[in-house]
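If you want the building blocks of each chain, they are given just below.
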Amino acid sequence: MNAILEPLSLPPFSAITPASIEVALDAALTEYQAATDQVVDRRALGFDDIWMPVERAKNAVDALWSAVSHLKSVADNPELRAAHDMARARIVEATTRALQNRAYFDLLTAMAKTPGFATLDLADRVAIERRLRDCRLAGVALDTDARARFADISVELSQLSTAFGSAVVDATDAWSKQITDESELAGLPDAAKAMFRAAASAKGLDGWLITLQMPSVDAVLTFAENRDLRQTLYTAFGTRASDQGPHAGEYDNGPRMARILELRREAAGLLGFSDPVAWSLATKMAADSGEILAFLRDLAARARPSAERDLAEMRAFAASDLGIDDMQPWDMGFVGNRLRAARYAVDEQAVRRFFPVEKVIEGWQALLHRLFGIRLRARDDVDLWHTDATFYDVVGEDGLVFAGLYIDLHARAGKKGGAWMAEARPRLRSGNIVSHPVAYLTCNFAPRGGGDPSLLSHGDVQTLLHETGHCLHLLFTRVNRPSVAGVNGFEWDAVELPSQLMEDFAWDRDILTSMSGHLDTGEPLPAELFAAMLAARNFQSGLAVLRQIEFAMFDLILHLGTLGSDPMAVIGAVRDEIAVIRPPAWHRFPHAFAHIFAGGYAAGYYSYLWAEVLSADGFGKFVEAGLVDRATGDALREEILSRGATRSAAESFRAFRGRAPDNAAMLARRGLA
Ligand SMILES: [Zn+2]
């Protein structure tokens with residue numbers, strides 16, 4: 001067997017070539033289809049007859065895809081990208097076909113009705129129930145006409161989502177502003193100016209080029225003293241892909257949004273749901289739209305007084321210290337930044353010098369040991385993709401290896417930006433052999449090498465802990481069915497529970513002491529610097545939370561359809577209800593809201609706030625126990641992390657916390673209590 005397909009061993013990265021990917025993919029997809037066909041032909045109803053051959057074949061496809069997509073993310077090149085894109089298209093096609101395989105669906109349904117079904121292991125039963133649900137959500141149970149219509153809608157929706165995202169990208173790229181007089185850039189940091197200069201020279205232009213890419217927009221709106229420049233940029237950015245602004249009508253997403261909403265409504269109806277929200281919630285923890293709206297409205301009522309204070313404080317400061325008497329939306333980032341600097345003098349560069357990466361990793365390993373009794377043991381016999389990467393055996397208290405972890409922490413050419421966790425290998429039993437789950441933890445911290453040590457920001461430390469939380473969800477699994485183990489199949493609006501919970505450990509002084517050591521002196525993070533960071537943590541959090549609520553309510557109400565299907569009317573109504581500040585009438589936020597129109601967040605944007613309640617409340621149990629508490633760590637592992645999707649997130653949470661979630665900890669975390 002081609003080694004990339006072997007789910008019981010680690011991927012042979014140095015041997016993976018575009019040609020080997022194609023050969024392996026042919027073999028894996030052929031086997032997947034053949035295994036399914038044979039099961040359907042045989043029509044035997046035992047778990048080992050129906051489930052295992054297909055799962056084994058699917059695991060080989062997943063093992064291939066995991067290795068290829070990981071390699072493409074961390075060591076990209078044009079040939080690999082082509083092989084990756086080809087593989088993705090074929091795997092998506094095969095996966096969709098499998099979900100819509102009526103014969104296999106009928107066989108699984110019949111099996112779930114046999115007396116033997118109830119005697120299966122919990123994970124086996126849940127895996128089958130989830131599979132049946134996912135097949136139904138893919139339209140498999142519809143009659144012939146409806147199934148054909150559903151398939152057509154799926155294709156059109158996928159095209160519309162892609163077109164929506166492309167219009168945002170094209171509109172973003174279409175606008176730029178050349179600056180030739182440096183005085184117009186007053187207030188901007190040297191790093192931002194260097195970025196603008198690089199953008200100009202890339203186009204063969206003199207001076208500086210301001211673009212609508214996020215780092216450029218952030219820099220101008222936060223630092224530029226030139227108010228006209230801020231207004232110009234804010235206008236261009238806030239009208240992208242719409243009927244307004246400098247490129248009005250050229251990339252307009254308005255008609256696409258209308259069609260997307262119409263089709264989502266029709267598809268939801270075909271599947272028997274009242275609206276797209278009910279459809280979305282079929283795979284989430286929240287029970288219904290009423291529960292979510294009540295949650296968001298309660299949060300809004302609590303955040304609003306604080307947001308009003310934030311705003312009044314900004315207006316007063318803008319007038320008294322910055323000569324801005326009529327603060328406008330394009331002033332808010334700038335005013336907020338100046339106000340923050342005046343209130344809290346936290347020098348980001350000074351903080352970094354306390355966090356050399358080696359010291360952080362040492363403290364990180366110590367934290368994992370204290371919380372869960374585990375040790376990470378680096379191995380030097382594992383095939384890796386780059387010298388930055390390390391593989392660790394994860395060792396339990398009994399001295400036995402129970403999982404593996406790849407980490408690759410530094411930015412470099414050919415590596416995708418951001419930070420993420422991915423599954424390298426699931427926990428798997430095949431005959432007598434159980435293979436350990438293995439995760440990838442990938443970040444983009446400042447590069448190591450060139451003699452300079454890599455220094456992390458405090459945000460980087462939180463990112464490391466966040467992704468660690470996702471990894472532990474997989475590494476601690478005791479579930480033998482990969483489709484319901486770790487993050488897989490876990491309710492989507494609760495998936496950030498372990499990650500955000502782990503993040504909060506980065507706000508404890510003792511933990512930061514063990515993770516820090518000044519580059520020159522070895523001294524840990526000083527108390528006064530930590531106090532300043534803590535004081536600045538919730539700067540303007542009322543405004544920030546209210547903004548998230550505005551997006552979440554807009555997404556939900558638009559998909560419910562209770563206020564009609566005009567996005568501008570719906571966002572206007574939401575702002576009437578909860579906002580403390582409104583953008584100008586020509587502003588077109590929905591037209592670039594790719595999360596819900598081009599990403600996976602439709603009727604799901606509330607998940608950010610929802611999961612924050614779970615994670616903050618879960619973290620509260622550690623706080624109550626004295627923080628780095630082994631018994632609480634074990635409980636988190638036992639009641640939540642080890643169980644994957646074999647019981648609902650709500651039940652797992654209740655088992656861990658001893659009660660249903662309460663939003664008090666989240667409000668306190670945000671300084672809104
Ligand atoms: Zn996350």
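Residues numbered from 1 in each chain as written. Predicted model: local features only at pLDDT ≥ 70, side-chain atom pairs only at ≥ 80, totals over all residues. Heavy atoms only, no water.

(A) A look at the packing of helix H11 (residues 254-270) against helix H21 (residues 541-560). Their axes nearest at 10 Å, the elements H11 and H21 cross at an angle of 60°. Here H11 lies oblique to H21, going by the angle between them. Across the interface between the two elements, Leu261, Arg264 and Arg265 from H11 touch Leu558, His559 and Leu560 from H21. Residues belonging to the contact of H11 with H21 are distributed by class as follows: three nonpolar, one polar and two charged. (Axes fitted to C-alpha atoms, helices over the stretch in contact; angles between N-to-C directions. Helix = DSSP H or I, 4+ residues; strand = E, 2+ residues; numbered from the N terminus. Parallel < 35°, antiparallel > 145°, perpendicular 65-115°, else oblique. Contact = heavy atoms within 4.5 Å. Nonpolar A, V, L, I, M, F, W, Y, C, P; charged D, E, K, R; others polar.)

(B) Examining the packing of aromatic side chains more closely. Inspection of the entire model under this criterion finds 31 aromatic pairs. A ring pair is formed by tyrosine 606 and tryptophan 610, whose centres lie 5.8 Å apart and whose planes are at 90°; its orientation type is edge-to-face. Across the pair, exposure class does not vary: tyrosine 606 and tryptophan 610 are buried alike. Note that arginine 240 overlies the ring of phenylalanine 237, its terminal NZ or CZ placed 3.8 Å from the centroid. Above the plane of the ring of phenylalanine 402 lies arginine 637, whose end atom (NZ or CZ) is 5.0 Å from the centre. (Phe/Tyr/Trp six-rings, centres within 6.5 Å; stacked < 30°, edge-to-face > 60°. Buried < 20%, exposed > 50% of the residue type's maximum accessible area, 1.4 Å probe, protein only. Lys NZ or Arg CZ within 6 Å of the ring centre and 35° of its normal.)

(C) View of the domain arrangement of the chain. Assigned domains within the chain: domain 1 (3-141), domain 2 (175-238), domain 3 (254-344 + 539-605) and domain 4 (352-522). Computed over C-alpha atoms only, the centres of domain 2 and domain 3 are separated by 27 Å. Tallying the contact residues gives eleven residues for domain 2 and 17 residues for domain 3. Counting every contact that joins domain 2 to domain 3 gives four salt bridges. Our count for the domain 2 to domain 3 interface comes out at seven residue pairs in polar contact (both at pLDDT 80 or more). Of all elements in the fold, only helix H9 (214-223) and helix H10 (227-238) reach the threshold of two or more residues within the side of domain 2 that touches domain 3. In terms of residue count, H10 provides more of the side of domain 2 that touches domain 3 than any other element does, six residues in total. (Domains from an automatic or database assignment. Salt bridge = Lys/Arg side-chain N within 4 Å of Asp/Glu carboxyl O. Polar contact = N/O pair within 3.5 Å; in protein donor to acceptor, adjacent residues only side chain to side chain.)

(D) View of the sheet that holds strand E4 (residues 390-395). Spatially, five strands are ordered E3-E4-E5-E9-E6 in an open sheet, and the strand pairing comes out mixed. The open sheet has two edge strands, strand E3 (375-379) and strand E6 (420-425), and neither has a second partner. Strand after strand, the sheet turns through a mean of 30° between neighbouring axes, direction not considered. Bridge analysis of E4 against strand E5 (residues 401-410) gives six bridges, and the strand direction is antiparallel. Within E5, the residue paired with tyrosine 392 across the bridge is leucine 405. (Pairing = 2+ DSSP bridges.)

(E) Structural detail: the pattern of salt bridges. In the structure shown here, the tally under the stated rule is 46 salt bridges. We note a salt bridge from arginine 102 to aspartate 106, for which the minimum N-O separation is 3.1 Å. Taken together, the residues span about one helical turn, with arginine 102 and aspartate 106 both in helix H5 (residues 102-112) at a distance of four residues. Residues joined by salt bridges that share partners form a network here, namely Glu503, Asp504, Arg537, Glu612, Arg669 and Arg670.

(F) Helix H25 (residues 630-639), seen in detail. What H25 keeps buried is the set Thr632, Gly633, Ala635, Leu636 and Glu639. Taken down its axis, H25 places every buried residue within 160° of arc, on the same side. The secondary structure elements touched by the buried residues of H25 are helix H16 (357-372), helix H18 (497-503), helix H24 (607-624) and helix H26 (649-657). (Arc of directions from axis to C-beta.)

(G) View of the environment of arginine 670. With respect to the helices and strands, the residue arginine 670 is situated in the segment after helix H27 (664-669). Between the C-alpha atoms of arginine 670 and valine 545, which are 125 residues apart in sequence, the distance is 8.3 Å. The contacts of arginine 670, once residues within four sequence positions are left out, are Asn538, Ser541, Ala544, Val545 and Glu612. A distance of 2.7 Å separates a polar atom in the side chain of arginine 670 from a polar atom in the side chain of glutamate 612.

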